[in-house]
Amino acid sequence: MSTPATIKAGIAMPPKSANKAPIPGQRNVLITSALPYVNNVPHLGNIIGSTLSADVYARYQRVRNINALYICGTDEYGTATETKALSDGVTCQELCDKYYPIHKQCYEWMEIDFDKFGRTTTEEQTKISQDIFMKLYERGLLIEDSMLQLYCSQCDRYLADRFVEGTCPKCNYDDARGDQCDQCGSLLNATDLVNPRCKLDGNRPVQKESKHLFLDLGKLQPECEAWYEKASAEGTWSNNGKVITQSWFKDGLRLRCITRDLKWGTPVPLPGWEGKVFYVWFDAPIGYPSITATYTKDWEKWWKNPEDVKLYQFMGKDNVPFHTVIFPSTLMGTGEKWTLLNTLSTTEYLQYETGKFSKSRGVGIFGNNVQETGVPPSVWRYYLLSNRPETNDSHYLWKDFIARNNNELLANLGNFVNRVIKFVNAKYDSHVPSLDATASPATESDEKLLREVNEKLNLYVEALDEVKIREGLRLAMEISALGNVYLQDNKIDNALFADHRARCDRVVITALNLIYLLSAVLFPFMPSTSESIARQLNAPVRLLPDSFTVDSILPGHVINKAEYLFKRIDEKQEDIWRAKYGGDGSEPAADEKKKKKKPTKAAPAPVFKGEKPVEVVELEKKIEDQGVKVRELKASKADAAAVQTEVSALLGLKKDLTDLFAKLTV
C-alpha cells in the first residue's frame, strides 16, 4: 500500500526484491537452513530446528532494511531416497517429484519466506559439485582405496547398509539392519551380519571389494582448524556447535569416503568410475550454492565473496560436523576464495509429549497436520519459537500449546491491540486525535513507558543480532505487556474520554504508536500478525526503528476497524489432538505379519522441573559430553565395539540421572 500522509515518511518496509545481489560496502547476509530430506513430510522438530529459525533471522534482517538472501531446498539424492522409492514402488525421481511440493507447501503455509526454495536434482547441482570435485582431484586431495562391501548378484549392485538385513551377531535378533540392531542397540557394519540377505530380493549377498575415493581431511585440518578459530571468535556460534567441532579436531581428521555404489546421485566425473556417485554428505551442502545458482546466474557474488558477504547457517545439532568441518574443508580444498560460515545457530531436539516424533507410528504432528487443526500459522510459530530448544531438548505439549495461545497471545498481545483500536473506533470515529502538549503535558507514566520500551527494544536488537531467537521473542512480548500496564495505569475508559479528553488523546496517540512499533518487532516471529496490525492501523508494514517515539502515526490519520488477532482455544482440544496425533500413552497395534519382540531403545534423559540442584547440573553435563562423544564416534565410522562401549556408558549416565530425580522428588 502507499504510505498515507498521516504516517511518518521513510518508515515503510521496502518491497522484497526478486533479484538480490550483494551491495559492496554494505552489510550483506547469506542465510541457509539445513536441506530437509525429500523422502518424508517434515515434523515440527525439523521445522523449528532449521527452516523456521532461519526465517526469523532473515525477516529480522529485512525489517532492519539489511540486504539478506535466504536459501534452502530439498536434499534429494542418496540411499534414503532409493530406500523410500523402493518401498513405495516408484522411481527416485517420481518420489522426489511427489514430496518436493509437499515440503514447499508446508513451509509456505508456515509463512517461511525463502528467497529460493530449490532442489538438489538440478543441472546446476551436477555442474558445481563436479567442478568442486575435479579441483580437489587435481590438487591431490582425493585418495583412491578399496572397501569390502556386500554385493548382490541378483540385483547387480553393491548394497548400502540400509539394503541389507540379517541376524545380529551380538543378540541373534533375526531382523537387524546393516547399520544397527534395533533389538540390542549395537552399531554394526553390513559385513558383520550373520546370514545377510538383500532387502530388495531376499538373496544372500557376497563380500566383494569396491574401489572408492576419499577426501584427505587430515591434510586440510590445519587450514580448517585455523579458519574455525577465527570464525567462531568473530561470528556467533552455538555452544554445541563449538563442542562438536572441537571434538573432531581433537580426535584428528581422517580420510573420508566421498563416493558410493548407488544409482541415484551425482555421477563421479572420472573415466573408470562409471556407476559411482557422490556420497550425499559430500554432495548435499553443495546444494546451497547450486540452489542459489537457480535463483541468480550471479551466484558467485554471494558464494565467492567473503569480503562483502557474511554466511549464517541454521540446523539441528546432528548436522554440525558436516557444516563446520567437511563442507568448509571441501571448499578450502579447491583453492578458491569461498564465502565460509560466519555464524552457526544450532538447536537441540524437540520431543513430542513424552517421546519422539514418529511418522511410521503415527506419533507427533507434522507439517501437513498443522493445517488441519484450524489454528493459524502465527500461533504455531509463536509456540515453536518460544519453546525453541536452544540449549537443552524441549518438549511439544498440547496443554502448553493451548495455554500459551490463551494466556500469552490472547491475554497479552491480542488484548492490548484490540482494546486500543476498538476504543479509537468507538470514541474517535477511527480518527487519530491531535496532541495538545499544553493541555496534556507528558506525565511520569508517559516518560516511564518511553524509557522502559526503549530499554526492551535495545535488548531485543542485541538478542537478535546475536541470534538469540527465543530471547528476542520474550522481549517482544514484554513490550506488549508494557502497553497493557500503560493502559491500566491511565485507566483508559469512557470516563477518561468524557472528563479528561486531552489526557485521553495523549494516551491514545501513545498506545497507537506503540502498537505500530509492535508490528515491526513481531514481524520476524509472526508476520501475518504483524500484517494484521498494520492493516488495522491503515498503515504500511514498517521498518524497525532505533528507538520508540510517538510520531510515526500522526494526528488526523484514519484507522480501520478492529480485528481479533487471536481466538481462544478450548482446553478440551488437548485430549482430542493427543488422541489424533499420538502422545496419549497408547501404542499402535502390533504388526501381525511379524510379531517380533519389540526392540529396546534408550529413553531420553529426563528433564528436571524448577531450579536444578548442583548434582543434577553436573550429571547433565556428563550426559551432554558423553552424547557428543558417541555422536562423533558414529559419524567417524569408528569400530562398532568401541562405539557400543560408549553408548552403554551414556545409557548408564541417563539411568543415574533418572535415579537421582527419583531421590530428589521423594
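The structure we're discussing is the one just above.
If you're wondering where the values come from, they're calculated on a predicted model, not measured in any experiment. (Residues numbered from 1 in each chain as written. Predicted model: local features only at pLDDT ≥ 70, side-chain atom pairs only at ≥ 80, totals over all residues. Heavy atoms only, no water.)

A. Main features of the overall build of the protein chain. A tally of regular secondary structure across the protein chain gives 20 helices and 16 strands. Within the protein chain, contacts between residues at least 6 apart in sequence are counted, and of these 79% link residues at least 24 apart. When the accessible area of the protein chain is evaluated, it comes to approximately 29200 Å², of which 50% is carbon and sulfur surface. (Helix = DSSP H or I, 4+ residues; strand = E, 2+ residues; numbered from the N terminus. Contact = heavy atoms within 4.5 Å. Areas by Shrake-Rupley, 256 points an atom, 1.4 Å probe, with all protein chains shown as cover.)

B. Geometry of the sheet that holds strand 6 (residues 164-167). Across the sheet, three strands lie side by side as 7-6-8; this open sheet has antiparallel pairing. Edge positions in the open sheet fall to strand 7 (176-177) and strand 8 (194-198), since each of these has one partner strand only. In this sheet, strand 8 lies alongside strand 6 in antiparallel orientation, the contact comprising three bridges. Paired with Glu165 across the two strands is Arg197, which belongs to strand 8. (Pairing = 2+ DSSP bridges.)

C. Region of the structure containing unusual backbone geometry. Unlike most non-glycine residues, Asp156 shows phi in positive territory, near 60°. The backbone of Asn538 sits at a positive phi, close to 55°, despite the residue not being glycine. Within the secondary structure layout, Asn538 lies in the loop between helix 17 (527-537) and helix 18 (573-581). Taking the relative accessible area as the measure of exposure, Asn538 reaches 26% and is therefore partly exposed. (Buried < 20%, exposed > 50% of the residue type's maximum accessible area, 1.4 Å probe, protein only.)

D. Region of the structure containing the pairing of strand 6. Bridge count between strand 6 and strand 7: two bridges; the pairing is antiparallel. From the neighbouring strand, Glu165 faces strand 7, where its bridge partner is Arg177.

E. The arrangement of the environment of Asn369 in detail. Structurally, Asn369 can be placed in the loop between strand 15 (350-352) and helix 11 (377-386). Taking the C-alpha atoms as reference points, Asn369 and Val41, 328 residues apart in sequence, are found 9.7 Å from one another. Beyond its immediate chain neighbours, meaning those up to four positions away, Asn369 contacts Gly364 and Tyr581. Among the polar contacts made by the side chain of Asn369, one reaches the main-chain amide nitrogen of Phe366 at a distance of 2.8 Å. (Polar contact = N/O pair within 3.5 Å; in protein donor to acceptor, adjacent residues only side chain to side chain.)

F. Up close: the sheet that holds strand 9 (residues 206-216). An order of 5-4-9-10 is seen for the four strands of this open sheet, with the pairing classed as antiparallel. Strand pairing shows two members of the sheet lacking a second neighbour, strand 5 (157-158) and strand 10 (255-257), which therefore form its edges.

So yeah, pure geometry; function would need other evidence.
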